[in-house]
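Architecture and fold: a report
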Amino acid sequence: MAWPTPQDYNEAVQNPKHAFADPELQMGRPELTPLDLPRPITGGFASVYRLQCAQRNWAVRCFLRQFHDHAKRYDAISDHLARVRLPYTVGFTFLRNGIRVGGQWYPILKMEWVQGEPLNSFIEKHLGNPNSLLSLASRWVEMMRALQKASIAHGDLQHGNVFVVDGDLRLIDYDGMYVPNLCGEASHELGHRNYQHPRRTESNFDPHLDNFSAWVIYVSLIALAVDSQLWQRFGGGDESLLFRRKDFEQPEDSDVFNALERHRDERIQSAATFFKSLLYLEPQQVCYLDGQIATTTFPPEEVHRADSSWIGDHVKRVGADAPAPLIAKRSSVALEPPLPPCPDPSWILDFLAPSAGAGGGVSFKNSAAPERVVLAVSAAMSAVFVWMAPLIVAASGSWLLGILHLVLFNLALWICRYRSDPSVRQFALLSSRLIAINDNIRAMERDIAAADRKKTELRNGNAAEQATIANEQKAVEAKEKKELDERQSAHQSVFSSINNRRQALNQQEVDALRKIQNDIGTKVVALNRQIAALTQGEATDLANTLRAQQEHHITAHLRRFSLEDAFITGVGPIFKSRLRIAGFHTAADVDVYRVQIVQGIGPQRAASLTAWRKSIESRARATMPQSLSQSNTAAIRAKYESQRQALEGERDREQRRQRDEENAVRAQCRRLLEEVDKEERAANTKIKGEIDEIRARYAQQYRFFRESLSSVADETASKLCEIDGRITEARKELFGLHWEMAKLRRQLKSFEGIKFPKYVKRVFFGLRAA
């Protein structure tokens with residue numbers, strides 16, 4: 001069935017009493033626009049309406065797409081949320097028959113309405129209050145830990161699904177939520193594109209689902225807490241906080257990442273560098289926001305070294321007064337206790353603090369005394385050369401050469417001494433290591449790009465091979481079709497001839513039966529008419545005879561009643577005398593019209609006479625015979641019986657003759673048609689055998705094509721799987737290299753005080769570089 005559109009839902013919600021099955025929603029009032037129409041919040045998967053009911057407000061989610069397992073998923077989510085009872089979720093009820101649209105019931109989600117601020121609105125309102133943003137970031141970490149502990153992933157963490165209610169966080173929209181009972185299922189949605197890992201697919205549906213989007217929001221919060229101008233600079237609030245999909249797909253060309261990594265504040269640099277390194281992992285490998293990395297990405301010696309993590313170097317160890325670290329090294333012992341109810345937000349900035357040592361940086365280790373002694377001796381010798389230059393005319397110019405040699409000697413000594421300093425050697429070692437790591441990163445990126453190109457080549461090659469096999473198969477199919485068409489055409493004339501003969505036989509049967517009907521059938525019809533007429537005559541004769549007997553009985557009865565003896569109102573002796581003279585003697589002689597011609601008999605006396613006659617006649621009718629006597633009936637029937645028997649005998653003979661002739665015609669046609677059917681069956685058997693032989697012959701070739709396609713697909717899939725495995729491992733290693741490079745860069749910042757110009761100043765002025 002067609003699923004309702006947003007307009008369909010909008011029309012239905014205008015009449016809640018008719019639209020909803022839930023009694024509470026039936027009594028609700030939808031939030032309206034200035035045009036008095038329901039105000040929906042429409043997304044990619046649902047239109048949401050706010051219904052104001054007597055006790056509370058409800059959010060009604062009307063789904064825009066049909067999923068066969070909607071009820072199953074929400075049942076699993078509801079059961080799990082009821083067990084874990086997190087303060088970050090809201091109550092809801094999945095109603096299978098929730099809303100009626102066009103006479104059909106559709107499911108809805110009845111969810112508590114969250115009265116708060118969307119995440120982006122809260123951030124924009126508090127851009128000038130860093131502590132509010134840091135406190136929110138702290139609660140964000142706390143919420144993500146709670147979700148992780150409960151094995152829940154929301155699936156679409158973004159500004160529109162996160163509300164701030166009195167400083168606390170609430171989550172809405174659970175369409176893509178993961179709970180343990182949904183393990184093994186696929187996701188129906190991929191979340192907001194500006195918050196999700198660029199390589200997330202429907203198959204990424206597990207407890208790690210929210211890791212990347214959690215980092216997106218967290219890094220945005222701490223970056224905005226440090227520098228609120230980033231919001232305006234990068235269009236925060238426009239379907240994003242700071243980052244957009246293109247930044248995740250091409251981080252090296254991203255203006256946001258470049259700005260954050262070059263920011264004047266080292267804390268923002270650190271956060272951006274780490275977050276950028278997460279993009280080199282697969283979605284399921286991104287670490288939890290509390291630092292539990294899903295897959296080990298470093299050699300054991302690097303993982304267990306005290307200084308192996310550039311973030312771990314600046315995270316306070318867990319103590320009585322210190323909150324848990326945000327990124328902890330993987331260990332079999334849990335290092336992170338739960339966050340306090342409202343921790344001091346400054347710990348988040350401490351986590352990102354610069355890595356300078358207690359003394360402010362690395363200093364030179366070697367003493368500058370030898371350089372200063374040589375410098376002093378050289379200065380003295382230069383002074384002697386200058387003083388003696390006018391006295392020694394022959395040596396004019398030689399003193400300048402001597403001074404130059406002294407300067408070059410001191411410079412060579414400084415360079416040798418500078419390079420021999422342990423701090424400088426350590427700086428050179430770290431710099432060379434950084435260059436090597438950078439070269440490894442570039443090489444690995446080239447390898448990943450080459451692997452991606454190889455995958456493309458494999459897919460293209462697979463497509464080309466499949467296209468070639470498909471073209472060959474089409475050619476074989478065309479050849480098979482041609483052979484089948486030829487066989488069908490050869491047999492078509494046979495079937496056409498058979499059908500023509502069958503039609504001719506059927507027509508012959510129809511003509512013969514019609515002729516019999518015209519000859520014999522007409523005669524039978526005429527005989528039936530005569531028999532019917534005879535029967536009708538007999539019935540008429542019986543009726544007439546009975547009627548005559550009844551009339552004779554009534555007349556005889558009337559004649560027994562004399563006018564002279566009757567008492568008739570208004571008719572005295574005078575009138576009776578006049579009636580007798582006129583020929584009226586008995587009741588049988590009285591007639592309403594004739595009696596009126598007698599003198600003095602008017603309409604009134606005529607009516608009295610008629611009434612007297614009718615009363616006598618009614619008594620006569622009560623006693624008159626209702627049927628003929630058996631003798632009368634037998635006499636009349638005997639008169640017609642002989643004629644009827646003669647006609648019926650003749651009719652029966654004609655009907656038998658008609659049936660015999662028709663049966664003979666049908667039997668003859670049936671024999672002929674059976675021969676035609678036998679011939680047709682033989683032709684069908686023959687063509688079926690030929691077609692089966694052709695198809696069996698080509699089936700071997702089709703089997704070869706299927707096996708070839710399967711072999712090509714399997715081989716390509718195997719190679720792609722192998723390449724994907726290498727790419728995954730390479731991305732894991734690339735993540736480690738980026739992490740290590742960031743750590744080295746931070747470490748190198750402490751060597752700013754041992755550059756060669758500062759070494760020279762140290763020799764001249766006794767300065768110690770910080």
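Residues numbered from 1 in each chain as written. Predicted model: local features only at pLDDT ≥ 70, side-chain atom pairs only at ≥ 80, totals over all residues. Heavy atoms only, no water.

**With respect to the overall build of the protein chain**
Helices and strands together make up the secondary structure of the protein chain, namely 20 helices and nine strands. In the protein chain, buried positions account for 43% of the 770 residues. Taking the contacts inside the protein chain whose residues are at least 6 apart along the sequence as the reference set, 72% of them involve residues at least 24 apart. When the accessible area of the protein chain is evaluated, it comes to approximately 41,300 Å², of which 54% is carbon and sulfur surface. (Helix = DSSP H or I, 4+ residues; strand = E, 2+ residues; numbered from the N terminus. Buried < 20%, exposed > 50% of the residue type's maximum accessible area, 1.4 Å probe, protein only. Contact = heavy atoms within 4.5 Å. Areas by Shrake-Rupley, 256 points an atom, 1.4 Å probe, with all protein chains shown as cover.)

**So, the pairing of strand β9 (residues 168-171)**
Where burial is concerned, the two faces of β9 differ: the one with Leu169 and Leu171 is buried and the one with Asp168 and Arg170 is not. Here strand β8 (residues 162-165) runs beside β9; their pairing, made up of four bridges, is antiparallel. Considered in β9, the bridge of Val162 is made with Leu171. Here β8 folds back onto β9 in antiparallel fashion, the turn holding two residues, of which Asp166 has a positive phi close to 55°. (Pairing = 2+ DSSP bridges.)

**Considerations on the environment of Trp58**
Among the secondary structure elements, Trp58 is positioned in strand β4 (residues 57-63). Judged by its relative accessible area of 9%, Trp58 falls in the buried class. For Trp58 and Trp113, which are 55 residues apart along the polypeptide, the C-alpha to C-alpha distance reads 4.8 Å. With residues near it in sequence (within four places) discarded, Trp58 still touches Glu24, Leu25, Tyr49, Arg50, Leu51, Cys53, Lys110, Met111, Glu112 and Trp113. Engagement of the side chain of Trp58 in a polar contact is seen with the side chain of Glu24, the distance being 3.0 Å. (Polar contact = N/O pair within 3.5 Å; in protein donor to acceptor, adjacent residues only side chain to side chain.)

**What about the packing of helix α6 (residues 130-149) against helix α7 (residues 211-226)?**
It is the contact of α6 with α7, at a shortest axis distance of 8 Å, that shows an interaxial angle of 160°. Here α6 lies roughly antiparallel to α7, going by the angle between them. You can see that α6 and α7 cross each other, and the crossing is left-handed. Within the contact between the two elements, α6 uses Pro130, Leu133, Leu134, Leu136, Ala137, Trp140, Val141 and Met144 and α7 uses Ala214, Ile217, Tyr218, Leu221, Ile222, Leu224 and Ala225. (Axes fitted to C-alpha atoms, helices over the stretch in contact; angles between N-to-C directions. Parallel < 35°, antiparallel > 145°, perpendicular 65-115°, else oblique. Left-handed = near helix turned anticlockwise from the far one by under 90°.)

**Quick word on the packing of aromatic side chains**
Going through the model one piece at a time under the given rule, you end up with 25 aromatic pairs. For the pair Tyr74 and Phe94, a centre-to-centre distance of 5.6 Å together with 15° between the ring planes defines the contact as stacked. Of this pair, Tyr74 sits in helix α4 (residues 70-84) while Phe94 sits in strand β5 (residues 92-101), placing them 20 residues apart in sequence. Grouping residues by exposure puts Tyr74 and Phe94 together as buried. Considering the side-chain rings of Trp215 and Tyr218, the 6.0 Å spacing of their centres and the 80° angle between planes classify their relative orientation as edge-to-face. (Phe/Tyr/Trp six-rings, centres within 6.5 Å; stacked < 30°, edge-to-face > 60°.)

**Observations regarding the confidence of the model for the protein chain**
Chain-level pLDDT for the protein chain is 83 on average; 89% of the residues reach the 70-or-more range. In this model residues 291-359 is a low-confidence stretch, pLDDT under 50, and it forms 135 contacts with partners more than four residues away in sequence or in other chains. (pLDDT = per-residue confidence, 0-100.)

**With respect to the pairing of strand β6 (residues 104-112)**
By the bridge criterion, five bridges tie β4 to β6 in an arrangement that is antiparallel. Across the sheet, the residue bridging to Arg61 is Leu109, located in β6. Of the pairings in the sheet, the one linking β5 to β6 comprises seven bridges and is antiparallel in character. Following the sheet pairing, Thr93 is matched in β6 by Lys110. As consecutive antiparallel partners, β5 and β6 are separated by two residues, and within that stretch Gly102 has a phi angle of approximately 60°, a positive value.

**A closer look at unusual backbone geometry**
In this structure, Asp36 takes a positive phi of about 65° despite not being glycine. Position of Asp36 among the secondary structure elements: in the loop between β1 (29-30) and β2 (40-42). Accessibility expressed as a relative area gives 57% for Asp36, which makes it exposed. One non-glycine residue, Asp173, adopts positive backbone phi at about 65°. By secondary structure assignment, the location of Asp173 is in the loop between β9 and α7. Judged by its relative accessible area of 13%, Asp173 falls in the buried class.

**Regarding the packing of helix α16 (residues 422-559) against helix α19 (residues 630-748)**
Following both chains from N to C, one finds α16 and α19 inclined at 175°, their axes separated by 8 Å at the closest point. Classified by the interaxial angle, the pair formed by α16 and α19 is roughly antiparallel. Its residues placed into classes, the contact of α16 with α19 shows 52 nonpolar, 30 polar and 43 charged. (Nonpolar A, V, L, I, M, F, W, Y, C, P; charged D, E, K, R; others polar.)

**Here's the deal with the pattern of salt bridges**
Considering all chains together, one arrives at 48 salt bridges under this definition. Linking Arg726 and Glu722 is a salt bridge whose minimum nitrogen-to-oxygen distance equals 3.2 Å. In this pair, Arg726 and Glu722 both sit in helix α19, four residues apart, roughly one turn of the helix. (Salt bridge = Lys/Arg side-chain N within 4 Å of Asp/Glu carboxyl O.)

**What about the environment of Gln517?**
Summarising the element assignment, Gln517 is placed in helix α16. On the basis of relative accessibility, which here comes to 36%, the residue Gln517 falls in the partly exposed class. C-alpha of Gln517 to C-alpha of Glu661: the two residues are 144 residues apart in sequence and 10.0 Å apart in space. Filtering out sequence-adjacent residues up to four positions away, Gln517 remains in contact with Thr522, Gln658 and Glu662.

**Topic: α19**
For α19, with 119 residues, the first-to-last C-alpha span of 143 Å runs short of the 177 Å given by 1.5 Å per residue. Of all the bends in α19, the greatest measures close to 35° and is centred on Tyr640. (Expected span 1.5 Å × (residues − 1). Bend = angle between axes of the 7 residues up to and from the residue.)

**Here we look at the nonpolar core**
Judged by nonpolar contacts, the single largest core of 133 residues is most densely connected at Ile99, Ile123, Trp140, Trp215, Phe243 and Phe275. No other element matches α7, which puts 12 residues into this core. (Core = buried A, V, L, I, M, F, W, Y, C linked by side-chain atoms within 4.5 Å.)

**Observations concerning the sheet that holds β9**
Read from one edge of the open sheet, three strands run β7-β8-β9, paired in antiparallel fashion. What marks the edges here is a single partner per strand, and that holds for β7 (117-118) and β9. Looking at chain direction, β7 and β8 are connected through two bridges and run antiparallel. Across the sheet, Pro118 pairs through a bridge with Phe163, a residue of β8.

**Here's the deal with a nonpolar patch on the surface**
Among the surface-exposed residues, Leu401, Leu404, Leu408, Leu411 and Ile415 lie close enough to one another that they form a single nonpolar patch of about 400 Å² accessible area. Mapped onto the elements of the fold, Leu404 is located in helix α15 (residues 398-420). For Leu404, a relative accessible area of 42% translates into the label partly exposed. (Patch = residues over 30% accessible without salt bridge, like charges linked within 9 Å, V, L, I, M, F, W, Y side chains within 5 Å.)

**As for helix α17 (residues 573-581)**
When α17 is considered as a whole, its buried residues turn out to be Phe575, Lys576 and Leu579. Angularly, the buried residues of α17 cover 100° about the axis, an arc narrow enough to put them on a single face. Residues Pro573, Ile574 and Ile581 are exposed on α17 and point more than 90 degrees away from its buried face. Where α17 is buried, its residues meet α18 (603-623). (Arc of directions from axis to C-beta.)

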